Amino acid sequence: DTLPFGHFLEIEGSEAAIRKAAEVLGLDWKHRILMNYLALFEVVKKAAGLPFEQVTFDLFRNHPATIRPYLDECRGTG
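Notes on the structure in this doc start here. (Residues numbered from 1 in each chain as written. Predicted model: local features only at pLDDT ≥ 70, side-chain atom pairs only at ≥ 80, totals over all residues. Heavy atoms only, no water.)

### Focus: the overall build of the protein chain
Then, number 1: If you tally the helices and strands in the protein chain, you get four helices and two strands.
Then, number 2: Along the protein chain, helices and strands appear, N-terminal first, in the series β-β-α-α-α-α.
Then, number 3: Overall, the protein chain is about 40 × 25 × 20 Å in size when its C-alpha atoms are taken along their principal axes.
Then, number 4: For the protein chain, the proportion of its 78 residues judged to be buried stands at 24%.
Then, number 5: The contacts of the protein chain with a sequence gap of at least 6 include a subset with a gap of at least 24, amounting to 45%.
Then, number 6: When the accessible surface of the protein chain is split by element, carbon and sulfur atoms take 53% of a total near 5,700 Å².
Then, number 7: Here the protein chain contributes 9 positive and 11 negative side-chain charges, whose respective centroids are spaced 5 Å apart. (Helix = DSSP H or I, 4+ residues; strand = E, 2+ residues; numbered from the N terminus. Buried < 20%, exposed > 50% of the residue type's maximum accessible area, 1.4 Å probe, protein only. Contact = heavy atoms within 4.5 Å. Areas by Shrake-Rupley, 256 points an atom, 1.4 Å probe, with all protein chains shown as cover. Lys, Arg positive; Asp, Glu negative; His and termini not counted. Charge placed at Lys NZ, Arg CZ, Asp CG, Glu CD.)

If you want it as structure tokens, here you go:
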């Protein structure tokens, strides 16, 4: 998924199926994020001081921000 603050891959299913898919894709399990997109937006909004409540590409056009510096926080490892 492409959001105004980053690109994400969602894997849905049972934990066993998700782990298997992550393994097949070569993804590191410890880098997974369990937060939903609105919660991720709240992290970016707070950290970047964004002056809006909606997640739209138009609003981010004049306030560019990325999730990258906050990924550890989103994983619970920051």
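### Remarks on the layout of surface pockets
Then, number 1: Approximately 870 Å³ is the volume attributed to the largest pocket.
Then, number 2: Lining of the largest pocket is provided by 25 residues; of these, F8, L9, H31, R32 and I33 occupy positions nearest its centre.
Then, number 3: Secondary structure elements with two or more residues in the lining of the largest pocket: β2 (6-7), α1 (15-24), α2 (37-48) and α4 (71-75).
Then, number 4: Considering only residue class, the lining of the largest pocket consists of 14 nonpolar, five polar and six charged. (1 Å grid on protein atoms, 1.4 Å probe; cavity = no way out; pocket = protein on both sides within 12 Å on 5 of 7 lines; lining within 4 Å. Points joined across faces, edges and corners; volume = space filled by probe spheres on them. Nonpolar A, V, L, I, M, F, W, Y, C, P; charged D, E, K, R; others polar.)

### Things to note about the environment of D72
Then, number 1: In this structure, D72 sits in helix α4.
Then, number 2: The exposure class of D72 is partly exposed, given its relative accessible area of 41%.
Then, number 3: In sequence terms D72 and I33 are 39 residues apart; their C-alpha atoms lie 9.1 Å from each other.

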